[in-house]
Amino acid sequence: MTTENRSLYSQLPATDRLLRDARFSPLLETWGHTQVVTVLQQLQQAARHAIRDTGALPAWCNDWAGQAQAQLVAQNAPALRAVINLSGTVLHTNLGRAQQADEAIAAVTQAMRHPVTLEYDLDGAGRGHRDQALAALLCELTGAEDACIVNNNAAAVLLMLAATSSGREVVVSRGELVEIGGAFRIPDVMRQAGCQLVEVGTTNRTHLKDYRSALSDQTALLMKVHTSNYHVEGFTKAVDEAELAQLGETCGVPVITDLGSGSLVDFSQYGLPKEPVVRDLIRAGVSLVSFSGDKLLGGPQAGIIVGKKALIEKLQQHPLKRALRADKMTLAALDATLRLYRHPETLAQRLPTLRLLTRSADEIHAQATRLAPHFQARFGERFAVTVEPCLSQIGSGSLPVDRLSSAAITLTPHNGRGSELQALARALRDLPVPVIGRLYDGRLWLDLRCLDADTSLMEMLLK
Ligand SMILES: *Cc1c(COP(=O)(O)O)cnc(C)c1O
């Protein structure tokens, strides 16, 4: 150790002395003695390393309180931070998919704060099962006989297969052996559920006779999987649920469908791309249909299975159900969300997912025109700011080919550099409420489709 370094080390203030400094009182007040001391120890360590490595005190050593404050703020940021989603994808899986309706938020708060009748029947003062109350509502909305609710749709598919196939064969078209993302691939889920996958047809064409000739005394199920995230075009043929259900009926084999997103209402009535409606599949005779709570339905993360009473009974009694069941907050939010569907006249206003999806390109364009000057004022020196038409994606497994007309504010660096764009994207992510855009074609695109309630916040951020 050099004499010079030794004198630098001796300049580092002792923890006790810092804690007595008046500038530390507000920190102690807010974060408490334990956290403040821990941070000071970390800072002292960092300062010692800096002296060792650079032979100088780091610049922040003239403001220990300021540095500790910054550190404490950063350490205490919540793990899940609210952001503004201008990515152009409405149901963005990495941003938590559906934004919840006010009614759902209120219901969750209630369920968190008070004891609730989760598995308690007020009439008989006995024990009910936790899906019972919601099952009635789901049956009303889908025409099914009964319902079962689990943690997400991947869990729903696993449970359907495990509980109704008993290790036997499940027949699926080669055109529907999908990978949804992450580890969810139909053949792998089959293996985990303990059933034998029997592939029929080809990638582009599968006929009813393919399913028929695969039937044997080992067949437990015929299965359809919604091809959520890709589209096969050209010389194609798939067997629809109604045809398959008829075959299943004749042969005494249940037909199950993993619908992925699915919808409880016909989206085409709102001018949106047509998505399969759960009620239609039940009417077509499908025995079990599973779908997500936080995709087009617009509720909390959940997997919902509706269908025949006898099969739902099997799911409810399977040991996996206990492991995959939804918690009271999920059920409360789902219940409140489903109730909104009873009032179709106000659904597009009250359900945020539908409200965002149905915003018109004109309205979004007008909003972009209003906001563009704020971006011009803040970033105009280095970026060309323009308002452009663009296409939003629904996201979360609605056909990637289906896009919605929208409008974006775009920022193009005057110097054309990619690094300049990256720095801009980072600056927006570093705002007190981070703004998430999309880099494409040498610009940053901020699609305003999902900015229906946050306009004033945005103006504030850009001040
Ligand atoms: C999204 C999707 C899943 C997975 O649903 P999660 O709710 O995300 O678990 C499964 N199957 C299909 C067809 C999907 O689109």
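In the nomenclature of an unreviewed UniProt entry, the protein chain corresponds to L-seryl-tRNA(Sec) selenium transferase from the organism Siccibacter colletis. According to the UniProt record, the Catalytic activity (unreviewed entry) comment for the protein chain reads "L-seryl-tRNA(Sec) + selenophosphate + H(+) = L-selenocysteinyl-tRNA(Sec) + phosphate".

(A) Spatial organisation of the packing of aromatic side chains. Applying the stated rule across the entire model yields four aromatic pairs. Here the aromatic rings of Phe267 and Tyr270 are separated by 6.5 Å at their centres, their planes lie at 75°, and the arrangement is edge-to-face. Taking the relative accessible area as the measure of exposure, Phe267 reaches 2% and is therefore buried. When its relative accessible area of 22% is taken as the criterion, Tyr270 is described as partly exposed. A ring pair is formed by Tyr440 and Trp445, whose centres lie 6.3 Å apart and whose planes are at 55°; its orientation type is tilted. Of note, Arg205 hangs over the ring of Phe235, and the distance from its end group to the ring centre comes to 3.8 Å. The ring of Tyr440 carries Arg438 above its face, with NZ or CZ at 5.2 Å from the centroid.

(B) Examining the environment of Ile256 more closely. Structurally, Ile256 can be placed in strand 8 (residues 255-260). Ile256 gets classed as buried once you look at its relative accessible area, which sits at 0%. On a C-alpha basis, the gap between Ile256 and Val225 in space is 8.6 Å, while along the polypeptide they are 31 residues apart. Residues contacting Ile256, with those up to four places away along its chain left out, are Met160, Leu161, Leu221, Leu222, Met223, Lys224, Val286 and Leu288.

(C) Representation of the pattern of salt bridges in the model. In total, this model carries 20 salt bridges according to the counting rule given. Linking Asp294 and Arg97 is a salt bridge whose minimum nitrogen-to-oxygen distance equals 3.1 Å. On the criterion of sequence distance, the pair formed by Asp294 in the loop between strand 9 (288-292) and strand 10 (303-307) and Arg97 in the loop between strand 1 (84-85) and helix 5 (102-113) is long-range, its members being 197 residues apart. Here Arg355 ties to Asp452 by a salt bridge, and the two come within 2.6 Å at their closest N and O atoms. Here the residue Arg355 occupies a position in helix 16 (residues 352-357), and Asp452 occupies one in the loop between strand 15 (443-447) and helix 19 (455-462), the gap between them amounting to 97 residues. Taking relative accessible area as the criterion, Arg355 reaches 29% and is therefore assigned partly exposed. Given a relative accessible area of 28%, Asp452 falls into the partly exposed group. Through salt bridges with shared partners, a single network forms among Glu119, Arg130 and Arg325.

(D) A look at the site of the ligand. In the region of the ligand, the neighbouring residues are Arg97, Asn152, Asn153, Ala154, Ile180, Phe184, His226, Ser228, Asp258, Gly260, Ser292 and Lys295. Within the side chain of Arg97, a nitrogen or oxygen atom sits 2.9 Å from an oxygen atom of the ligand. Take Ala154: an N or O atom from its main chain is 2.9 Å from an oxygen atom of the ligand. Relative to its unbound accessible area of 380 Å², the ligand is 93% covered by the protein chains. Elements with a contribution of two residues or more to the shell around the ligand: helix 7 (153-165) and strand 8. Classifying every residue of the shell around the ligand gives three nonpolar, six polar and three charged.

(E) Here's a closer look at the UniProt feature "modified residue: N6-(pyridoxal phosphate)lysine" (unreviewed entry) in the protein chain. Mapped onto the present numbering, the UniProt feature "modified residue: N6-(pyridoxal phosphate)lysine" (unreviewed entry) falls at Lys295. One can find Lys295 in the loop between strand 9 and strand 10. Residues contacting Lys295, with those up to four places away along its chain left out, are Leu91, Arg97, Ala98, Gly260, Ser261, Thr353 and Ser396.

(F) Quick peek at the state of the cysteines. Throughout the structure, instances matching the rule amount to zero disulfides. As a non-bridged cysteine, Cys450 has Cys390 as the owner of its nearest cysteine sulfur, 11 Å distant. Given a relative accessible area of 8%, Cys450 falls into the buried group.

(G) Broad picture of the packing of helix 7 against helix 12 (residues 309-317). Running from N to C, helix 7 and helix 12 cross one another at 105°; their axes reach a closest spacing of 9 Å. Between helix 7 and helix 12, the crossing angle belongs to the class labelled roughly perpendicular. For the pair helix 7 and helix 12, contact is made by Leu159, Met160, Ala163 and Thr164 and by Leu311, Lys314 and Leu315, respectively. Among the residues making up the contact of helix 7 with helix 12, the classes are represented as five nonpolar, one polar and one charged.

(H) View of the pairing of strand 3 (residues 169-173). Counting buried residues along strand 3, four of its five residues qualify, which places the element largely inside the surrounding structure. Note: strand 3 against strand 6 (residues 196-200), five bridges, orientation parallel. Among the inter-strand pairings, Val170 is bridged to a residue of strand 6, identified as Leu197. Direction of pairing for strand 3 relative to strand 7 (residues 219-225): parallel, over a ladder of four bridges. Note that in strand 7 the partner of Glu169 across the bridge is Thr219.

Definitions and limits used
- Residues numbered from 1 in each chain as written.
- Predicted model: local features only at pLDDT ≥ 70, side-chain atom pairs only at ≥ 80, totals over all residues.
- Heavy atoms only, no water.
- UniProt positions renumbered as here; feature names shortened; annotations may be inferred.
- Phe/Tyr/Trp six-rings, centres within 6.5 Å; stacked < 30°, edge-to-face > 60°.
- Buried < 20%, exposed > 50% of the residue type's maximum accessible area, 1.4 Å probe, protein only.
- Lys NZ or Arg CZ within 6 Å of the ring centre and 35° of its normal.
- Helix = DSSP H or I, 4+ residues; strand = E, 2+ residues; numbered from the N terminus.
- Contact = heavy atoms within 4.5 Å.
- Salt bridge = Lys/Arg side-chain N within 4 Å of Asp/Glu carboxyl O.
- Near = heavy atom within 4 Å.
- Polar contact = N/O pair within 3.5 Å; in protein donor to acceptor, adjacent residues only side chain to side chain.
- Areas by Shrake-Rupley, 256 points an atom, 1.4 Å probe, with all protein chains shown as cover.
- Nonpolar A, V, L, I, M, F, W, Y, C, P; charged D, E, K, R; others polar.
- Disulfide = S-S within 2.5 Å.
- Axes fitted to C-alpha atoms, helices over the stretch in contact; angles between N-to-C directions.
- Parallel < 35°, antiparallel > 145°, perpendicular 65-115°, else oblique.
- Pairing = 2+ DSSP bridges.

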